[in-house]
Amino acid sequence: MVWIILIVCAVIFTPLAIIIVCTAPGIVPREAALAATKFYGLHCAHRGLHSEDQRIPENSLAAFAAARDRGYGVELDIRLTKDEQVIVFHDDDFARVCSVNKSVGDLEYSELSEMRLFGTGEKIPTLTEALNVLKDTPVIVELKYPGVRYAALCKKAAEILKSYGGHWCVESFDPRIMAWFKKNEPKVLRGQLSNPVRNDETPKLITVLLGNLMGNIISRPHFIAYSNEPYPLIVKLCMIMKPIKAVWTVKSADELEKCQKENDIIIFENFKPSARFTPNRR
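### Quick look at the overall build of the protein
Argument step 1. The secondary structure content of the protein amounts to 12 helices and nine strands.
Argument step 2. A globule of 282 residues ought to have a C-alpha radius of gyration of about 19 Å, and the protein, at 20 Å, matches this closely.
Argument step 3. Reported as C-alpha extents along the three principal axes, the dimensions of the protein are approximately 75 × 40 × 35 Å.
Argument step 4. Relative to its 282 residues, the protein shows a buried fraction of 51%.
Argument step 5. Put simply, 60% of the contacts in the protein that link residues at least 6 apart link residues at least 24 apart.
Argument step 6. Surface exposure of the protein reaches about 13,600 Å², of which carbon and sulfur atoms provide 57%.
Argument step 7. Put simply, the protein has 36 plus and 33 minus side-chain charges, and the middle of one group is 7 Å from the middle of the other.

Written out as structure tokens, the structure is:
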């Protein structure tokens, strides 16, 4: 009888223990906690305060200036060019934004510096140019995954961001990138981006693991930035461990109230909320 009870307990609790170990967030160090206080209750403009019609383009200096002037935080995306310049750009190619069928990693900065965003006069900014415009605005920097060159992106981004006068944090869908910061820049506030499993070109096992935050075992993020959708069960278990919670992307005032009750940081677009809100649990 005792053996049966032990076996039943093992069957029930071993998978739970594995999930807890794999998804547990990291302990926030003092320096990162100070930065976190600047983000609590902050509405962050997704790719800057761009317009839905892209007359003020996403990830442009104009969008960053507009967000700065209204007191918002900013979320932006960075990538690495062929000659290892850190630019602010979301997509892995220029087709959607610049009508050029070239990949970011295939061109040097001098080749893409003449491109313009969505047919406007706005160019693709470097991270340094964006930070110069943002001044002391709190900024969430998403590192896009450039394959095997992710370590070079991490190193160069960290070097640039350390000279920024405002508060900043980093996030990525790729737990290897956050693991790099955990090892090399442990005092930097870092976050794991995720969303429910999608049907895309990524192998199914990888999407299941990442969509359920199992990559936390190597990155130990301080905050979780999850898409504005219901959490899968394993993600709910992670949230019980009280990481800092961010949500992306809130696109209307109708969605905002619920998100404010459940999150510490809100990434929004296509409308203009107040600059700050009061998180329930902080």
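### Some remarks on the nonpolar core
Generally speaking, nonpolar side chains in soluble globular proteins are found buried as a group.
Argument step 1. Counting 41 residues, the largest nonpolar core has Leu76, Ile78, Val139, Leu143, Val170 and Phe181 as its most contacted members.
Argument step 2. Ignoring sequence-local partners within four residues, the contact set of Ile78 consists of Val86, Ile87, Val88, Phe89, Leu127, Val141, Glu142, Leu143, Lys144, Leu153 and Ala157.
Argument step 3. Within the second largest apolar cluster, 16 residues are counted, among which are Leu193, Ala225, Ile244 and Trp248.

### Some thoughts on unusual backbone geometry
Argument step 1. Of the consecutive residues Trp248 and Thr249, the connecting peptide bond is found in the cis state with omega at -15 degrees.
Argument step 2. Along the chain, Thr249 falls in strand β8 (residues 244-250).
Argument step 3. Although it is not a glycine, Ser99 sits at a positive phi angle of roughly 60 degrees.
Argument step 4. Within the secondary structure layout, Ser99 lies in the loop between α4 (95-98) and α5 (109-112).
Argument step 5. Residue Ser99 is classed as exposed on the basis of its relative accessible area of 66%.
Argument step 6. Not every positive phi belongs to a glycine, and Arg220 is a case in point at roughly 40 degrees.
Argument step 7. Residue placement: Arg220 occurs in the loop between α10 (216-219) and β7 (223-227).

### Concerning the layout of surface pockets
Argument step 1. Taken as a whole, the second largest pocket holds about 300 Å³ of empty space.
Argument step 2. Forming the walls of the second largest pocket are 12 residues, and the residues nearest its centre are Arg79, His90, Asp91, Asp92 and Tyr145.
Argument step 3. Across the lining of the second largest pocket, the residue classes break down as four nonpolar, three polar and five charged.

### Thoughts on helix α8 (residues 175-184)
Argument step 1. Within the sequence span of α8, burial applies to Pro175, Ile177, Met178, Ala179, Trp180 and Phe181.
Argument step 2. Here the buried face of α8 lies against β4 (139-143), α7 (150-161), β5 (168-172), β6 (190-194), α9 (204-211) and α10.

### Observations concerning the packing of helix α6 (residues 127-134) against α7
Argument step 1. It is at 10 Å that the axes of α6 and α7 come closest, and there the two elements cross at 30 degrees. One finds that α6 runs roughly parallel with respect to α7. At the point where α6 passes α7, the crossing takes the right-handed sense. Judged by residue contacts, Leu127, Thr128 and Leu131 of α6 engage Ala157, Ile160 and Leu161 from α7.
Argument step 2. For the contact of α6 with α7, a count of residues per class yields five nonpolar, one polar and no charged.

### As for the pattern of salt bridges
Argument step 1. All told, the structure shown has 15 salt bridges when counted by the stated rule.
Argument step 2. In this structure, Arg47 and Glu58 form a salt bridge, with 3.2 Å as the shortest nitrogen-oxygen distance. One end of the pair, Arg47, is in the loop between β1 (42-46) and α3 (61-69); the other, Glu58, is in the loop between β1 and α3, with 11 residues separating them in the sequence.
Argument step 3. Given a relative accessible area of 13%, Arg47 falls into the buried group.
Argument step 4. Between Glu58 and Arg96 there is a salt bridge, with its nearest N and O atoms 2.7 Å apart. One end of the pair, Glu58, is in the loop between β1 and α3; the other, Arg96, is in helix α4, and 38 residues separate them in sequence.
Argument step 5. With relative accessibility at 40%, the residue Arg96 sits in the partly exposed group.
Argument step 6. Linked through salt bridges whose partners overlap, the residues forming this network are Arg47, Glu58, Asp77, Asp91 and Arg96.

Here is what the cut-offs are and how they apply
Residues numbered from 1 in each chain as written. Predicted model: local features only at pLDDT ≥ 70, side-chain atom pairs only at ≥ 80, totals over all residues. Heavy atoms only, no water. Helix = DSSP H or I, 4+ residues; strand = E, 2+ residues; numbered from the N terminus. Rg over C-alpha atoms; globule rule 2.2 N^0.38 Å. Buried < 20%, exposed > 50% of the residue type's maximum accessible area, 1.4 Å probe, protein only. Contact = heavy atoms within 4.5 Å. Areas by Shrake-Rupley, 256 points an atom, 1.4 Å probe, with all protein chains shown as cover. Lys, Arg positive; Asp, Glu negative; His and termini not counted. Charge placed at Lys NZ, Arg CZ, Asp CG, Glu CD. Core = buried A, V, L, I, M, F, W, Y, C linked by side-chain atoms within 4.5 Å. 1 Å grid on protein atoms, 1.4 Å probe; cavity = no way out; pocket = protein on both sides within 12 Å on 5 of 7 lines; lining within 4 Å. Points joined across faces, edges and corners; volume = space filled by probe spheres on them. Nonpolar A, V, L, I, M, F, W, Y, C, P; charged D, E, K, R; others polar. Axes fitted to C-alpha atoms, helices over the stretch in contact; angles between N-to-C directions. Parallel < 35°, antiparallel > 145°, perpendicular 65-115°, else oblique. Left-handed = near helix turned anticlockwise from the far one by under 90°. Salt bridge = Lys/Arg side-chain N within 4 Å of Asp/Glu carboxyl O.

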